[in-house]
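So you can see what is in the structure, the chains are spelled out below.
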Amino acid sequence: LLMGDSFAGALYSLGPGLEAAWSVGRRLRAAYSGPIIRVRRSSDNAEQDFSGSGANGAVSAAAVAAFCGAGDGFLTTIYGQSGLSRNLTQTSTTLQPRVVASGVAETMNGYLSARFFAVSGLGMSVASSTATYNFLHNGTSSTLYFVCNANDTAAFKTITRNSTGSGPGIMWFITTTEGAYLQVDNGTGTPSVLHNTGTGFSGAQLFTNLIDADNATAGSRSTIWRNGTQLTLTPSINTAAVSSSNSPGNFTLGIQAGGGNGFDGLISELVVWSTDQSANRALWEANAKAFWGTP
């Protein structure tokens, strides 16, 4: 899985069911040859696409900073690399994540990353996606992987959410008091899954989350790894049924569907499968650690 002299991509040996593949800092698939991100510079609001290059497919942080000059740079688009044309976008200039601050690129381990702030509305979403990710809450086995660096300054920091709390969907947070926090809703007010680690944490994080929301054992409805170690969860006693209905909100990154609980820190990568990827977890995490330098 680790990349050598010729580009293969972090996803080349993993299983089927890839539904979303977004990265701020690198190309993930050899089959994908399009741009990785689109950046707007603050000086004149000009926009430019940036692609990955080299053996590891990295986006040049220096090139992005040069485009932005002495000003700031913001993400308008993180292009979907799954082949399904599902891009994360933000059209409002005041609500876009930052990738360059006063001429200096935002980076993790030297690679371009996106700075989110705990500001209402600041985040990105997949347009017209209320039905797209139903597998996350309808009982289908699914896997989420992401890399981030969380600041410890906001109680709830949203990684992703496609529920407004009143309908089916998922909510994935990092919190100062409960650590990793997953909730799978079915629209009844009683979640199918409500798991957290009971301990808050900040700094560089590499998470892998497996969801099996209709498992007969409530405590087995999700498993979460952080930096390669499986976390002990505080499970709910919920045995609520899952729902196959559409979510009320679009799939989001860095903010909840209703606009609040914004992430505070860097988000680098998010990949989603509609399959159980537990057999490939260690390979994926080793690859991510090698690139992003997570613990």
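Along every chain, residues carry numbers that run from 1 in the direction the sequence is written. Under the rules for a predicted model, residues below a pLDDT of 70 receive no local features and side-chain atom pairs below 80 are neither given nor counted, while totals for whole chains, interfaces and linings still include all residues. Side-chain metrics in this entry use all non-hydrogen atoms of the structure; hydrogen atoms and water are not considered.

Caption draft 1: Quick peek at the packing of aromatic side chains. Working definition: rings of Phe, Tyr and Trp (its six-membered ring) pair if their centres are within 6.5 Å, and the pair is stacked with planes under 30 degrees apart, edge-to-face with planes over 60 apart, and tilted otherwise. Scanning the entire structure with this criterion turns up 16 aromatic pairs. Where Phe-146 meets Trp-172, the ring centres are 4.8 Å apart and the plane angle is 80°; that geometry is what we call edge-to-face. Here the residue Phe-146 occupies a position in strand β14 (residues 142-150), and Trp-172 occupies one in strand β16 (residues 168-175), the gap between them amounting to 26 residues. A residue is classified by how much of its surface remains accessible, and Phe-146, at 1% relative accessible area, is buried. Measuring from ring centre to ring centre gives 5.3 Å for Phe-146 and Phe-207, while their planes differ by 40°; the resulting arrangement is tilted. Of this pair, Phe-146 sits in strand β14 while Phe-207 sits in strand β19 (residues 203-211), and the two are 61 residues apart along the sequence. Assigned by exposure class, Phe-146 and Phe-207 land together as buried. Following the ring pairs from residue to residue traces out a cluster consisting of Trp-22, Tyr-133, Phe-135 and Phe-251. Think of it this way: any DSSP run of H or I at least four residues long counts as a helix, any run of E at least two long counts as a strand, and we number them from the N terminus. Buried, partly exposed and exposed residues are distinguished by accessible area as a fraction of the type maximum, computed with a 1.4 Å probe on protein chains only: under 20%, between the cut-offs, and over 50%, respectively.

Caption draft 2: Region of the structure containing helix α2 (residues 281-292). To estimate the expected span of a helix, count its residues, drop one, and scale the result by 1.5 Å. With 12 residues, α2 extends 16 Å between its outermost C-alpha atoms, agreeing within 8% with the 16 Å of an ideal straight helix rising 1.5 Å per residue. All buried positions along α2 are accounted for by Arg-281, Trp-284, Glu-285, Asn-287, Ala-288, Phe-291 and Trp-292. Taken end-on, α2 shows its buried residues confined to a sector of 160°, consistent with a single buried face. Just beyond α2, the residue with positive phi is Gly-293, at close to 70°. The arc in question is formed by the directions pointing from the helix axis toward the C-beta atoms.

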